[in-house]
Amino acid sequence: MEVNIADPWKNILENEFKKDYFKDLTEFVKAEYQNNECFPKGKDIFAAFDFCAFDDLKVVIIGQDPYHGENQANGLCFSVQDDIKHPPSLVNIFKEISTDLHQEIPQSGNLEKWAKQGVLLLNATLTVRAHEAGSHQKKGWETFTDAIIKEISDKKENVVFLLWGKFAESKTQLINIEKHIIFTAPHPSPLGAWRGWFGSKHFSKTNEFLKSIGKKEINW
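Caption draft 1: A look at the overall build of the chain. A count of helical and extended segments in the chain gives eight helices and six strands. Helices and strands in the chain line up, N terminus first, as α-α-β-α-β-α-α-β-β-α-β-α-β-α. The globule rule puts the C-alpha radius of gyration for 220 residues at 17 Å, and the 17 Å found for the chain is close to it. Seen through its C-alpha atoms, the chain measures out along the principal axes to roughly 45 × 35 × 25 Å. The buried share among the 220 residues of the chain stands at 52%.

This is how it looks when you write it as structure tokens:
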């Protein structure tokens, strides 16, 4: 696993790359990609950082695992490649955006356009074995992505964290709530969306906050 991350992300995370757990994680991921079909493609493992520059960061959305179906995962949480059917959680995300902001549901489920506007689409685990959800959990990725959240909390101000579901909400402990704003809601999956995801209005609330601090709103 080659860690090709652009500056200043690279400088910020440099210490993590030197730690034993990350070296072990790297060996694990290399072996998995050599011996099994894994997602996303190797070049896309760190795509969340490629598309969202640290200096432009405004919003963080936290997912759990990459999609484990063929040609779905592209390194951005909840996002899929162009021309791929929208997974159920993404369907519900788009439904909420449509209702919240009175706009049409996009044809493509590729969320690169969000990332390029300063939305970090961060999965807690950045890789997965094909058709085996959670197969790369508890191998070190969570330690790495927790460190990222902590660095963002420490080094930035007025970032909007969108935490959907109990797993994402557990990351609240890493965030300085005096410097940042957190919006929580049930997960947008069909299992939980009816419990309060629909009507949460996180997209308009995020834009209202960004506007209030003089930052450009996100074109969701």
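Caption draft 2: Quick peek at the packing of helix 4 (residues 88-101) against helix 8 (residues 202-212). The geometry of helix 4 relative to helix 8 is characterised by a closest axis approach of 8 Å and an angle of 60° between their N-to-C directions. Regarding the angle of helix 4 to helix 8, the classification is oblique. Across the interface between the two elements, I93, E96, I97, D100 and L101 from helix 4 touch H202, F203 and S204 from helix 8. Per-class residue counts for the contact of helix 4 with helix 8 are four nonpolar, two polar and two charged.

Caption draft 3: Representation of the pattern of salt bridges within the structure. Applying the stated criterion to the full structure yields seven salt bridges. Two residues, R129 and E32, come together in a salt bridge whose shortest N-O distance is 2.9 Å. Here E32 lies in helix 2 (residues 20-35) and R129 lies in strand 4 (residues 128-129), a separation of 97 residues in the sequence. Look at R129 and you get partly exposed, because its relative accessible area is 24%. Look at E32 and you get buried, because its relative accessible area is 8%.

Caption draft 4: Just the side chain of S89, in detail. Structurally, the position occupied by S89 is in helix 4. Under the relative-accessibility criterion, S89 is labelled buried at 11%.

Caption draft 5: Seen up close, the sheet that holds strand 5 (residues 160-164). Overall, parallel pairing links the four strands, which are arranged 3-2-5-6 in an open sheet. With one partner strand each, in any of the chains shown, strand 3 (119-123) and strand 6 (181-185) form the two edges of the open sheet. Within the sheet, the average angular offset between the axes of one strand and its neighbour, ignoring direction, is 20°. Across five bridges, strand 5 lies against strand 6 in parallel orientation. If you follow L162 over to strand 6, its bridge partner there is F183. Packing against the sheet, helix 6 (residues 141-155) makes contact with strand 2 (59-63), strand 3 and strand 5, and its axis sits at approximately 155° to strand 3.

Caption draft 6: Representation of helix 2 in the model. With 16 residues, helix 2 should reach 22 Å at 1.5 Å per residue; the first-to-last C-alpha distance of 23 Å fits that figure. Those residues of helix 2 lying buried are Y21, F22, L25, T26, F28, V29 and E32. Projection of helix 2 onto a plane perpendicular to its axis shows the buried side chains occupying an angular sector of 170°, all on one side. Pointing more than 90 degrees away from the buried face of helix 2 are the exposed residues D20, D24, Q34 and N35. The secondary structure elements touched by the buried residues of helix 2 are helix 1 (9-17), strand 1 (38-39), strand 4 and helix 6.

Thresholds, definitions, all that
Residues numbered from 1 in each chain as written. Predicted model: local features only at pLDDT ≥ 70, side-chain atom pairs only at ≥ 80, totals over all residues. Heavy atoms only, no water. Helix = DSSP H or I, 4+ residues; strand = E, 2+ residues; numbered from the N terminus. Rg over C-alpha atoms; globule rule 2.2 N^0.38 Å. Buried < 20%, exposed > 50% of the residue type's maximum accessible area, 1.4 Å probe, protein only. Axes fitted to C-alpha atoms, helices over the stretch in contact; angles between N-to-C directions. Parallel < 35°, antiparallel > 145°, perpendicular 65-115°, else oblique. Contact = heavy atoms within 4.5 Å. Nonpolar A, V, L, I, M, F, W, Y, C, P; charged D, E, K, R; others polar. Salt bridge = Lys/Arg side-chain N within 4 Å of Asp/Glu carboxyl O. Pairing = 2+ DSSP bridges. Expected span 1.5 Å × (residues − 1). Arc of directions from axis to C-beta.

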